[in-house]
Amino acid sequence: MIRLEEHIKIATAEAIVELYESEVDPNNIQVQATRKDLTGDFTLVVFPLLKISKKNPVLTGEEIGKKLTEKIQEIDSFEVVKGFLNLNLKAAFWVNYLNSILTSEKYGQKCADENAPLVMVEYSSPNTNKPLHLGHIRNNLLGFSVSQLLKATGKNVKMVNLVNDRGIHICKSMLAWQKWGEGATPESTGKKGDRLVGDYYVLFEKALQQQIGELIEQGTDKETAVKNAPLLVEAQNMLRKWEAGDDIVIDLWKNMNAWVYKGFDKTYADLGIWFDKIYYESETYKLGKNLVVKGLEDGVLYQKDDGSVWADLRDDGLDEKLLLRSDGTSVYMTQDLGTAHQRYSDSAFENHVYVVGNEQIYHFKVLSIVLKKLGYEWADLLFHLSYGMVELPEGKMKSREGKVVDADDLIREMVESAAEVSNELGKLDNFSDDEKNTIFKQIALGALKYFILKVDPVKTMLFDPKESIDFNGNTGPFIQYTYVRIQSVLRKAREQGIEIPIQLDSSTDVSEKEISLIRKLYEYPDLLNEAGNQYSPALIANYLYDLVKEFNQFYQHHQIIKEDNATKRAFRLALSNFVAKNINDGMSILGIEMPERM
RNA sequence: GGCCCCAUAGUUCAAGGGAUAGAACAGAAGUUUCCUAAACUUCAGAUUCAGGUUCGAGUCCUGGUGGGGCUACCA
């Protein structure tokens, strides 16, 4: 169905030719939804046309309004307010619009076939040395949601994860376990695997700091102490052994990683997210090394006297960037070069989105430039979707100071408070414990996900653990609740044998509130598109909130199944049903499940 | 020092260069013989500052202030 704004733009361009004998590109004509507090459906902004009409805004608006009313049958009347031409449509237009979308399977969405462009989305990218925290939650939710959003706009999406399973930091927790672990396992301690390994990392850092302190006390200067502390040297040795494939080190590494993955899998499952493929740094860093060596041979990179390999980015306004250490081991950048190359070989993508925090903007800038230098044109297809940090009231989360909000703890606490609120309301008293627990989880995660996703990704956001996430107001549960109410009405209608129509009578008498609800629905296809272009689930979240608010007002003031007039009743049922469907579609892009009752 | 990002009610968030800057929470006051009151209705309250571009600026440009990030042989 063609959008009416397009009609209006084209008709306006025609009107301008007829009235003022001047050609205007319809795309330059501004048509927007009329402000909510004024009467009208669409508004034509006439200011930009004054240069052409050489008349005052009111007169210009009147003249164009008259022409448009003649040209477009859907227009009922118009009104010029200041420089704005407000167009009032016939109610039948909106009823017909609803009618035309009523049976659409995926309203506003584009379905991807095999020929649709492939977008790779990397998100999560955890380190195996610490459990997931609130920052990762933002990453995971954003990455998953953006993936769903891109799917809804007609892309084939491959969700990938990159596990940081190698490097000096991993050796630190391994070493600590070896020294002080006394054979502890997740089974023997009852701790989640990622938590257990994380604890050894913390232990290592503490011991290392202490050691450094002692060295300084004994008269070593600070720089040397930090560089040469025995524990650190030991960890570095271990990393070299790891890269050399030492059996004992590799065995230990495999063992501990397996614990961590099991723990991560649980957290991912709780969050309701997954990946199509998982890449491991341990498998790609060598590819990166090869690329670097080749770049060195080709003279694109250079080697310093100590053997370290660098890229010179000074011509690009950046600095020199280390790609291989003097001892030949790789850094983060090295493996990311390899990973990117691997992925493009796996499947040539149209676009590769990295969902990674904004503290790595520099890293991804360098990544693209270095790949380009190495001769890979597809470096231009990489896009860093950088998002802001999640801060606590006292500032940034700091793992080392224990100032983190653990992901598992947070999810558990959310479920607990959802249960508390729900039990207080007592609406689920007749349900089994299993059913209740499912619903508590849906509500808890709905609240958490919506809370995080409604915020514009680029912005730093604040999370106050003391003021736990709300279930009232602009929240996930508010949206879920509206959905549940609609389901309840529909259920009752079915029980009474009232059918939900798929065809509407265009002469149905509809109220202003009903029209504004359809108007809201009308916005969705464009909004979805825009959200996809901007990689912003926040736009979807805000749309859903507006829609639901609109519906609740309608619900408050209109009866649905109790309406006596059968035509009106049918219309309201169809409208409610469609709103519920739209809520469900939108929320599933946010990765939020809908309960049927709550 | 250099580069990048952010700044809107007491608080947390909205607002594709367009009209009187929207919500929510917190605060004050209402609405259940009626399809789920996790709702609805009132009230009160904000664009960091100074310039500029424009018919029109929260939005674009320049500068200042404030906050954050990056600038590692960490990731």
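Residues numbered from 1 in each chain as written. Chains lettered and ligands numbered in written order. Predicted model: local features only at pLDDT ≥ 70, side-chain atom pairs only at ≥ 80, totals over all residues. Heavy atoms only, no water.

**Points about the packing of aromatic side chains**
Stage number 1. In the structure shown here, the tally under the stated rule is 28 aromatic pairs.
Stage number 2. Plain terms: the ring middles of Phe93 and Trp94 are 4.8 Å apart, the flat faces sit at 75 degrees to each other, and that makes the pair edge-to-face.
Stage number 3. Of the residues examined, Trp94 reaches a relative accessible area of 1% and is grouped as buried.
Stage number 4. Over the face of the ring belonging to Tyr279 we find Lys277, whose NZ or CZ atom lies 5.1 Å from the ring centre.
Stage number 5. Lying across the ring of Tyr279, Arg343 places its NZ or CZ 4.6 Å from the centre. (Phe/Tyr/Trp six-rings, centres within 6.5 Å; stacked < 30°, edge-to-face > 60°. Buried < 20%, exposed > 50% of the residue type's maximum accessible area, 1.4 Å probe, protein only. Lys NZ or Arg CZ within 6 Å of the ring centre and 35° of its normal.)

**Topic: the protein's contact with RNA strand B**
Stage number 1. Neighbouring residues of RNA strand B: 68 residues in total, closest Asp306, Arg325, Lys427, Tyr481 and His558.
Stage number 2. For RNA strand B, the fraction of atoms within 4 Å of the protein that belong to sugar or phosphate moieties is 65%.
Stage number 3. Here Asn86 contributes a side-chain N or O atom positioned 3.2 Å from a base nitrogen of RNA strand B.
Stage number 4. Ser326 is positioned such that a nitrogen or oxygen atom in its side chain is 3.0 Å from a base nitrogen of RNA strand B.
Stage number 5. Looking at the surface near RNA strand B, the elements that each hand over two or more residues are β2 (42–45), β4 (84–89), α6 (168–180), α15 (407–425), β15 (461–462), α17 (476–495) and α19 (537–557).
Stage number 6. With 9 residues, the top contributor of residues to the surface near RNA strand B is α19.
Stage number 7. When the residues that make up the surface near RNA strand B are grouped by side-chain class, the tally is 29 nonpolar, 23 polar and 16 charged. (Near = heavy atom within 4 Å. Polar contact = N/O pair within 3.5 Å; in protein donor to acceptor, adjacent residues only side chain to side chain. Helix = DSSP H or I, 4+ residues; strand = E, 2+ residues; numbered from the N terminus. Nonpolar A, V, L, I, M, F, W, Y, C, P; charged D, E, K, R; others polar.)

**Remarks on the pairing of β4**
Stage number 1. Counting buried positions along β4 yields 5 of 6 residues, so the element is predominantly enclosed.
Stage number 2. Pairing between β2 and β4: 4 bridges, direction antiparallel. In the strand pairing of β4, Val45 is matched with Phe84.
Stage number 3. Pairing between strand β3 (residues 75–81) and β4: 6 bridges, direction antiparallel. Along β4, the bridge assignment pairs Ile75 with Leu89.
Stage number 4. Connecting β3 to the antiparallel partner β4 that follows it, the hairpin turn spans 2 residues, and Lys82 within it adopts a positive phi of roughly 50 degrees. (Pairing = 2+ DSSP bridges.)

**With respect to the domain arrangement of chain A**
Stage number 1. Once the domains are mapped, chain A shows domain 1 (4–89), domain 2 (166–272) and domain 3 (407–589).
Stage number 2. The C-alpha-based centres of domain 1 and domain 2 are spaced at 68 Å. (Domains from an automatic or database assignment.)

**Section: the sheet that holds β4**
Stage number 1. Spatially, β1-β2-β4-β3 is the arrangement adopted by the 4 strands of the open sheet, whose pairing is antiparallel. What marks the edges here is a single partner per strand, and that holds for β1 (31–33) and β3. Averaged over all pairs of adjacent strands, the angle between their axes in this sheet comes to 30 degrees, without regard to strand direction. (Axes fitted to C-alpha atoms, helices over the stretch in contact; angles between N-to-C directions.)

**Examining unusual backbone geometry**
Glycine aside, residues mostly have negative phi angles, and peptide bonds mostly take the trans form.
Stage number 1. Although it is not a glycine, Ser125 sits at a positive phi angle of roughly 40 degrees.
Stage number 2. Looking at the secondary structure, you find Ser125 in the loop between β5 (118–122) and α5 (134–152).
Stage number 3. Given the relative accessible area of 19%, Ser125 is considered buried.
Stage number 4. Phi angles above zero are rare outside glycine, and Tyr535 is one such case at about 50 degrees.
Stage number 5. Within the secondary structure, Tyr535 is located in the loop between α18 (512–534) and α19.
Stage number 6. Residue class for Tyr535 comes out buried when judged on its relative accessible area of 13%.

**Here we look at the packing of helix α16 (residues 433–453) against α17**
Working note: a packed helix pair is described by the angle between its axes plus the distance between those axes.
Stage number 1. Where α16 contacts α17, the two axes come as close as 7 Å, and the packing angle between them is 130 degrees. When the axis of α16 is compared with that of α17, the two are oblique. Mapping the contact onto sequence places Gln442, Ile443, Gly446, Ala447 and Tyr450 in α16 and Gly476, Pro477, Ile479 and Gln480 in α17.
Stage number 2. Along the lines of polarity and charge, the residues of the contact of α16 with α17 split into 5 nonpolar, 4 polar and no charged. (Parallel < 35°, antiparallel > 145°, perpendicular 65-115°, else oblique. Contact = heavy atoms within 4.5 Å.)

**Comments concerning α17**
Stage number 1. End to end, α17 covers 29 Å across 20 residues, agreeing with the expected 28 Å (1.5 Å per residue, within 8%).
Stage number 2. Of all the 20 residues making up α17, 14 are buried; the element is thus mostly covered by neighbouring parts of the structure.
Stage number 3. Measuring from the backbone nitrogen of Phe478 back to the side-chain oxygen at the start of α17 gives 3.2 Å, which picks out Thr475 as the cap.
Stage number 4. Two residues or fewer past α17, Gly497 is found with a positive phi of approximately 75 degrees. (Expected span 1.5 Å × (residues − 1).)

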